[in-house]
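# Reading the structure
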Amino acid sequence: MALRLWKKKLPPKEDKQFKQANKITSKVLDDFSINTLISFLNSKKIKSLDYPVSSGKEAVVYRATDVNGQFIAVKIFKFETTALRKMGDYIEGDPRFVHVRRNRRSMVFDWTKKEFSNLQLASKLNVSCPLPLLFKGNIVLMEFEGINGIPYAKLNNVLLHDPEDFFKLLVENVIKTTKAGLVHADLSQYNILVKEDENGKQIPVIIDWGQAVMFEHPKSMDFLARDVSVICNYFSKLGLEIDEQKILKKIKSKIPQSILKRISSTKIAEN
Ligand SMILES: Nc1ncnc2c1ncn2[C@@H]1O[C@H](COP(=O)(O)OP(=O)(O)O)[C@@H](O)[C@H]1O
Ligand SMILES: [Mg+2]
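Note that the structure is predicted; figures quoted are calculated from it, not measured. (Residues numbered from 1 in each chain as written. Chains lettered and ligands numbered in written order. Predicted model: local features only at pLDDT ≥ 70, side-chain atom pairs only at ≥ 80, totals over all residues.)

## Thoughts on the overall build of the protein
Put simply, the test is: Put simply, DSSP H or I for four residues or longer makes a helix, DSSP E for two residues or longer makes a strand, and each gets a number counted from the N terminus. Three exposure classes are used, based on other C-beta atoms lying within 10 Å of a residue's own C-beta, which is placed from the backbone: buried for 20 or more, exposed for 12 or fewer, and partly exposed in between. Contact between two residues is assigned when their C-beta atoms, built from the backbone, lie within 7 Å.
When helices and strands are counted, the protein shows nine helices and eleven strands. Across the 271 residues in the protein, those meeting the buried criterion constitute 35%. Taking as baseline every contact in the protein between residues at least 6 positions apart, the subset at least 24 positions apart corresponds to 63%.

Structure follows, in structure tokens:
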């Protein structure tokens, strides 16, 4: 089912072949991450670490299996290659992280905690995203979003059956995100997975929440406008007629009063 979604021709859906198709090899993890993973194994949070699903500049994502045989996504933030300044821009100004220490390790710990707490806030409001399970140090454990142990394909690799319907679902999820008091701040075709429900309907799953900010952040409205612009552009290119300003206005009109009250009036007037 899942592989049928890919534009790229992929071999059958065994894990091994998926791994080969994506040319992901094991990367060496630092001692701290290894010790944290060992603590997950000892406390039976996971039974095995299966294989790396993705390796980016800031994080490596592994598939793991728990004691019940369920798959879990393990996102490990890297200490070495992370862009500290970029992280700082998304942490400072967030009321949850008032005492930001500009040291690499503590910044990565804050970022990890932020991804976890954003996933908690978003999933409470039924945003379609992985359910967070726990975090420790620089690692977040969350629900594995995939089928037969293979992650759902990213939106940029999928031919949509009904782009209009999918875009509508995406906008609904952005509205739910604002109701959670959050702006994703890196929404794009690369951070949206495409899940198929039991009727074959394609549903967006929004991932990668580390940089998401609360509305109190001084740039939250700019980030919201950028998120909306990126998805509007993507779907316009697919042939949909989209009035970006109208969509943005609609999304802003759904931000709850209680949240708007927390943001300064000048900031709203500016936007
Ligand atoms: N919960 C999950 N379930 C399955 N696959 C996931 C999950 N989270 C991330 N992935 C996979 O890992 C990739 C990178 O994850 P992401 O959170 O976007 O990290 P990065 O910071 O590297 O962009 C995703 O594109 C997806 O393929
Ligand atoms: Mg990403």
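So that's the structure; there's more coming.
## So, the confidence of the model for the protein
Inclusion rule: Confidence scores labelled pLDDT are given residue by residue by the predictor and lie between 0 and 100.
Of all residues in the protein, 85% have pLDDT values of 70 or greater, and the mean over the chain is 88. Here residues 1–5 is modelled with pLDDT under 50, and outside its nearest four sequence neighbours on either side it reaches 14 contacts, counting other chains as well.

## Observations regarding the pairing of strand 2 (residues 59–65)
Here is the rule we go by: A strand pair is defined by DSSP finding two or more bridges across the two strands.
With six of seven residues buried, strand 2 lies mostly within the body of the structure. Across six bridges, strand 1 (residues 48–55) lies against strand 2 in antiparallel orientation. When the sheet's bridge partners are listed, Ser48 is paired in strand 2 with Thr65. The loop that links strand 1 with its antiparallel partner strand 2 comprises three residues. When strand 2 meets strand 3 (residues 71–77), the two strands line up antiparallel, connected through seven bridges. Of the residues in strand 3, the one forming a bridge with Ala59 is Phe77. The loop that links strand 2 with its antiparallel partner strand 3 comprises five residues; one of these, Gly69, has a positive phi angle of about 85°.

## Quick word on unusual backbone geometry
A positive phi angle, near 60°, is found at Lys44, a position not held by glycine. You will see that Ala185, though not glycine, has its phi angle at about 75°, which is positive. As for its placement among the helices and strands, Ala185 is situated in the loop between strand 8 (182–183) and strand 9 (192–196). Residue classification places Ala185 among the buried positions, given that 22 C-beta atoms sit within 10 Å.

## Quick word on helix 6 (residues 220–237)
Put simply, the rule reads: Expected helix span is given by 1.5 Å per residue-to-residue step, counting one fewer step than there are residues. The arc in question is formed by the directions pointing from the helix axis toward the C-beta atoms.
For helix 6, which comprises 18 residues, the first-to-last C-alpha distance of 26 Å matches the rise-based estimate of 26 Å (1.5 Å per residue) to within 8%. Where helix 6 is concerned, the buried positions are Ser220, Phe223, Leu224, Asp227, Val228, Ile231, Cys232, Tyr234 and Phe235. Viewed end-on, helix 6 has its buried residues packed into an arc of 165°, placing them on one side of the element. Directly beyond the C-terminal end of helix 6, a positive phi value near 105° is found at Gly239.

## Overview of the site of ligand 1
Put simply, the rule is: We count a residue as near a molecule or strand when its backbone-placed C-beta atom lies within 6 Å of that partner. Three residue categories are used. Nonpolar comprises Ala, Val, Leu, Ile, Met, Phe, Trp, Tyr, Cys and Pro, charged comprises Asp, Glu, Lys and Arg, and polar comprises the others, including Gly. The split into domains, and so the bounds of each, comes from an automatic or database assignment of domains.
Not every one of the 19 residues close to ligand 1 is listed here, only the nearest: Ser54, Gly56, Ala73, Pro151 and Asp208. Elements with a contribution of two residues or more to the shell around ligand 1: strand 1, strand 2, strand 3 and strand 5 (139–143). By residue class, the composition of the shell around ligand 1 is nine nonpolar, four polar and six charged. Two domains each provide a minimum of three residues to the shell around ligand 1, namely domain 1 (7–147) and domain 2 (152–270).

## Some remarks on the environment of Val183
Note on placement: Val183 falls in strand 8. Take Val183: there are 28 C-beta atoms within 10 Å of it, and that puts it in the buried class. Along the sequence, Val183 and Leu224 sit 41 residues apart, while their C-alpha atoms lie 5.9 Å from each other.

## Concerning the environment of Phe109
Following the sequence through the fold, Phe109 ends up in helix 4 (residues 104–124). The spacing of Phe109 and Lys136 is 27 residues in sequence and 8.4 Å in space, taken between C-alpha atoms. Leave out the neighbours within four places in its chain, and Phe109 touches Gly137 and Asn138.

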